[in-house]
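So the chains spell out like this:
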Amino acid sequence: MSELATATLAATLRAIVGDAHVLTEGDLSAYEVDWRKRYHGKALAVVRPATTQQVADVVKACAAAGASIVPQGGNTGMVGGSQPDASGTQVVLSLQRMKAVRNLDKGNLTMTVEAGCILQNLQDAATQEGLLFPLSLASEGSCTVGGNLGTNAGGTQVVRYGNARDLCLGLEVVTAQGEVWEGLSGLRKDNTGYDLRDLFIGSEGTLGIITAATMKLYPMPAATLTAWAAVPSLDHAVTLLGLAHRHLGAGLTGFEVMGQFALSLVSRHFPQQRVPLYQDTPFCVLLENSDHESEAHARTQFEQLLEAAMEGGCVTDAVVAGNLTQAHQLWHIRESIPLAQAEEGLNIKHDISIPVSSIPEFVRVTDALLEREIPGVRLVNFGHLGDGNLHYNVQAPSGGEAKAFLSQYEDRVNSLVYESVHQFNGSISAEHGVGLLKVDKLEHHKSPVALEMMRAIKRALDPQNVMNPGRVLRI
Ligand code: FAD
Ligand code: MLT
Ligand code: ZN
């Protein structure tokens with residue numbers, strides 16, 4: 001784009017959203033750099049519309065000027081999907097001013113919220129009405145519901161309530177042509193043709209901009225209890241999962257696994273957190289039991305489960321949080337693992353999924369491959385075992401220079417891990433998505449038929465390739 005065209009577009013955008021909400025100067029790193037500090041872009045402008053109509057007008061103006069758009073929520077994504085590239089020609093469309101709760105329907109157990117609503121605020125709005133919005137991620141203080149739907153986020157409650165997709169009943173979307181699709185249905189059943197909602201969920205901003213969503217709510221459980229268990233191996237953790245399903249039924253709302261090295265990083269970088277039981281065991285498991293009867297009932301169920309698990313040898317030691325503060329402390333340890341990894345230095349992240357029953361063998365086989373390839377490699381294993389979703393992360397050998405490690409090994413490590421995932425019938429992304437990070441790997445691992453259907457959808461909905469080009473798919 002010429003300088004004149006850029007200046008003209010900026011002026012048009014200012015006329016739409018107001019001078020204060022078109023940012024072109026000063027420190028824009030909050031919008032241009034990702035959470036992991038792996039992607040450093042340069043935006044033509046950051047635009048912050050306040051209404052759906054303004055979003056539509058911004059899209060039309062950008063499309064007419066030939067500028068592409070990067071939708072952005074909280075910018076907490078892990079795969080380089082929400083920052084502009086370095087060309088200085090992309091417009092970041094931030095939804096952060098669109099944060100209203102439009103409606104909460106207690107009878108229908110739904111709430112309709114704007115896309116820039118911070119996840120924690122959504123949870124709080126539900127709690128104030130005595131209801132539960134169960135999506136829960138460590139980034140919930142800054143990620144947005146638009147980003148959660150854009151990535152089909154998972155988190156720690158999927159074992160019971162499903163991914164962001166499962167929690168969404170309807171969407172309002174601004175299309176790549178700047179039209180508004182009013183799909184904010186609060187219906188649980190609607191078989192009137194193709195499911196447009198599910199096309200936009202998980203499309204990472206490449207098909208349109210989600211401006212509002214109708215989300216499901218649930219009754220608040222009478223009691224929620226948390227336990228922390230030491231297990232002798234991943235095989236035992238999988239056995240424990242089976243037992244937990246049997247003993248707790250739908251009460252099982254969380255089942256996270258954490259490897260010893262992952263926990264040692266939390267202990268090293270956040271010494272104020274006291275990590276229980278990890279020093280003498282290769283893995284710990286965090287379990288949550290949500291009960292609609294009473295705390296006493298939940299505690300009895302947990303005690304029976306842990307007793308059976310200890311008798312069967314799949315748990316060697318365990319603690320059950322005595323109160324909410326203790327429960328929060330245990331969850332805080334788990335949620336600090338990504339932060340502790342970041343403190344330890346640049347690392348290679350994976351968010352793979354494998355059928356739960358195959359996870360122990362996958363880890364044995366893949367650990368051996370990586371250890372042969374990179375002597376001294378440090379493997380950070382943790383994640384949502386209840387969903388078959390592991391963060392199988394790789395940290396440079398101790399004392400090694402992280403940047404040099406990444407340039408030497410990142411691509412090789414990814415190839416080895418994803419090849420192994422493929423052998424075990426898994427997916428290379430369970431929750432973070434593709435973004436820029438995994439475009440090449442997706443091309444390698446997705447079938448040509450699937451890729452061509454995805455390209456056909458992209459071409460049909462966004463023929464000018466305005467929406468987040470280069471992410472997810474190459475056209
Ligand atoms: P952004 O990062 O701003 O955007 C993410 C993608 O969605 C981009 O491609 C963007 O273009 C698109 N997008 C954003 N808003 C819209 C919109 N309104 N319409 C269309 N597209 C849009 N993720 C998990 O799944 N599970 C976890 O447990 C988890 N834990 C995390 C813990 C930490 C500490 C951090 C930093 C991240 C974690 N994440 C996790 C990743 C991240 O928080 C999620 O992907 C989250 O859903 C992103 O939301 P966001 O608002 O920050 O989106
Ligand atoms: C998590 O489960 O903590 C996240 O998905 C973040 C991560 O992978 O680091
Ligand atoms: Zn995760």
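In this report, we go over the structure that sits alongside the text. (Residues numbered from 1 in each chain as written. Chains lettered and ligands numbered in written order. Predicted model: local features only at pLDDT ≥ 70, side-chain atom pairs only at ≥ 80, totals over all residues. Heavy atoms only, no water.)

Quick look at unusual backbone geometry
Heads up, the condition is: A 1.4 Å probe rolled over the protein chains alone gives each residue an accessible area, and that area as a share of the maximum for its type sets the label: buried under 20%, exposed over 50%, partly exposed in between. Comment: elements are numbered from the N terminus, with helices defined as DSSP H or I runs of at least four residues and strands as E runs of at least two.
The phi torsion at Leu109 lies on the positive side, around 50°, for a residue other than glycine. Classification of Leu109 as partly exposed rests on a relative accessible area of 25%. Of note in the backbone geometry, Asn465 takes a positive phi value of approximately 55° without being a glycine. Among the structural elements, Asn465 can be located in the segment after helix 16 (448–461). A relative accessible area of 28% means that Asn465 is categorised as partly exposed.

What to know about the sheet that holds strand 1 (residues 22–23)
Put simply, the rule reads: A pair of strands is treated as paired once DSSP finds two or more bridges between them. Contact between two residues is taken to exist if any of their heavy atoms lie within 4.5 Å; hydrogens are not considered. Think of each axis as a best-fit line through the C-alpha atoms, taken over the contacting stretch in the case of a helix, with angles from 0 to 180 degrees between the N-to-C directions.
The strand order across the open sheet formed by four strands is 1-2-4-3, and the pairing between neighbours is mixed. The sheet terminates laterally at strand 1 and strand 3 (69–72), the two strands that pair on one side only. Bridging between strand 1 and strand 2 (residues 43–47) involves two bridges; their strand directions are antiparallel. When the bridges of strand 2 are listed, Val22 appears paired with Val47. Across the sheet, helix 3 (residues 52–65) lies against strand 2, strand 3 and strand 4 (90–94), angled at about 175° from strand 4, the strand it touches most.

A short note on the packing of aromatic side chains
Let me state the cut-off plainly: In this analysis, rings of Phe, Tyr and Trp, with Trp reduced to its six-membered ring, are considered paired at centre separations within 6.5 Å, and the interplanar angle assigns stacked below 30 degrees, edge-to-face beyond 60, and tilted for intermediate values.
Within this structure, the stated rule accounts for five aromatic pairs. A ring pair is formed by Phe405 and Tyr409, whose centres lie 5.4 Å apart and whose planes are at 45°; its orientation type is tilted. Of this pair, Phe405 and Tyr409 both sit in helix 14 (residues 402–423), separated by four residues, roughly a single helical turn. Given a relative accessible area of 5%, Phe405 falls into the buried group. What makes Tyr409 buried here is its relative accessible area of 17%. A network of ring pairs unites the aromatic residues Phe362, Tyr392 and Phe424 as a single cluster.

As for the sheet that holds strand 6 (residues 110–114)
Taken in spatial order, the five strands make up an open sheet running 5-6-10-8-9, and their pairing is antiparallel. Where the open sheet ends on each side, the last strands, each with one partner, are strand 5 (101–105) and strand 9 (180–183). Averaged over all pairs of adjacent strands, the angle between their axes in this sheet comes to 15°, without regard to strand direction. With five bridges joining them, strand 6 and strand 10 (residues 208–216) adopt antiparallel strand pairing. Considered in strand 10, the bridge of Met111 is made with Met215. Along the sheet, helix 4 (residues 119–128) makes contact with strand 5 and strand 6, crossing strand 6 at roughly 145°.

Some details on the site of ligand 1
Rules: By convention in these notes, a residue is near a molecule or strand provided one of its non-hydrogen atoms lies within 4 Å of it. In protein, a polar contact requires one atom able to donate a hydrogen and another able to accept it; more generally it is a pair of N or O atoms within 3.5 Å, and residues adjacent in sequence count only if both atoms are side-chain atoms. In this description, accessible areas are obtained by the Shrake-Rupley approach with a 1.4 Å probe, and a residue is regarded as covered only by the protein chains that are shown. For this classification, Asp, Glu, Lys and Arg are treated as charged, while Ala, Val, Leu, Ile, Met, Phe, Trp, Tyr, Cys and Pro are nonpolar and the rest, including Gly, are polar.
Around ligand 1, the surrounding shell holds 34 residues, and the nearest of these are Pro71, Gly73, Thr76, Ser139 and Thr144. In this structure, an oxygen atom belonging to ligand 1 sits 2.8 Å away from a main-chain N or O atom of Gly73. Ser139 places a polar side-chain atom, nitrogen or oxygen, 2.7 Å from an oxygen atom of ligand 1. Bound to the protein, ligand 1 loses 96% of the 980 Å² it would expose on its own. The dominant element in the shell around ligand 1, judged by the number of residues it contributes, is helix 5 (residues 145–151), at four residues. For the shell around ligand 1, the residue count by class is 11 nonpolar, 21 polar and two charged.

Overview of the nonpolar core
Filter applied, for reference: In these notes, a set of buried Ala, Val, Leu, Ile, Met, Phe, Trp, Tyr and Cys residues joined through side-chain atoms within 4.5 Å is what counts as a nonpolar core.
Counting 56 residues, the largest nonpolar core has Leu13, Phe133, Leu149, Leu171, Ile209 and Met215 as the members making the most contacts within it. It is helix 3 that provides the largest number of residues to this core, a total of seven residues. By size, the runner-up hydrophobic cluster in this structure holds 50 residues, among which are Ala229, Leu248, Phe362 and Val363.

Quick notes on the site of ligand 2
Taken together, Met78, Arg334, Pro338, Lys349, Phe382, His384, His391, Glu431 and His432 form the complete shell of residues around ligand 2. A distance of 2.5 Å is found between an oxygen atom of ligand 2 and a side-chain nitrogen or oxygen belonging to Lys349. Separating an oxygen atom of ligand 2 from a side-chain N or O atom of His384 is a distance of 3.0 Å. In isolation ligand 2 offers 270 Å² of accessible surface; the protein chains occlude 89% of this area.

Some remarks on the pairing of strand 6
Taken across its five residues, strand 6 has five buried, putting it largely inside the fold. The side-chain alternation of strand 6 yields two buried faces, one formed by Thr110, Thr112 and Glu114 and the other by Met111 and Val113. Sheet analysis places strand 5 next to strand 6, joined by four bridges and oriented antiparallel. Residue Val101 lies in a different strand from strand 6, and its bridge partner there is Val113. Connecting strand 5 to the antiparallel partner strand 6 that follows it, the hairpin turn spans four residues, and Leu109 within it adopts a positive phi of roughly 50°.

Quick look at the side chain of Glu114
Relative to the helices and strands, Glu114 is located in strand 6. Polar contacts involving the side chain of Glu114 include one to the main-chain amide nitrogen of Lys99, which spans 3.4 Å. Setting aside its immediate chain neighbours within four residues, Glu114 contacts Met98, Lys99, Ala100, Arg102, Val145, Thr211 and Ala212.

Re the pattern of salt bridges
So the rule is basically this: We define a salt bridge as a side-chain nitrogen of Lys or Arg found within 4 Å of a carboxyl oxygen belonging to Asp or Glu.
According to the stated counting rule, one finds 22 salt bridges in the structure shown. Residue Asp198 pairs with Arg197 through a salt bridge whose shortest N-O separation is 3.6 Å. Take Arg197: its relative accessible area is 19%, and that puts it in the buried class. Its salt-bridge partner being Glu256, residue Arg334 comes within 2.7 Å of it at the nearest N-O pair. On the criterion of sequence distance, the pair formed by Arg334 in helix 11 (residues 324–335) and Glu256 in strand 13 (residues 252–259) is long-range, its members being 78 residues apart. The same class applies to Arg334 as to Glu256, namely buried.

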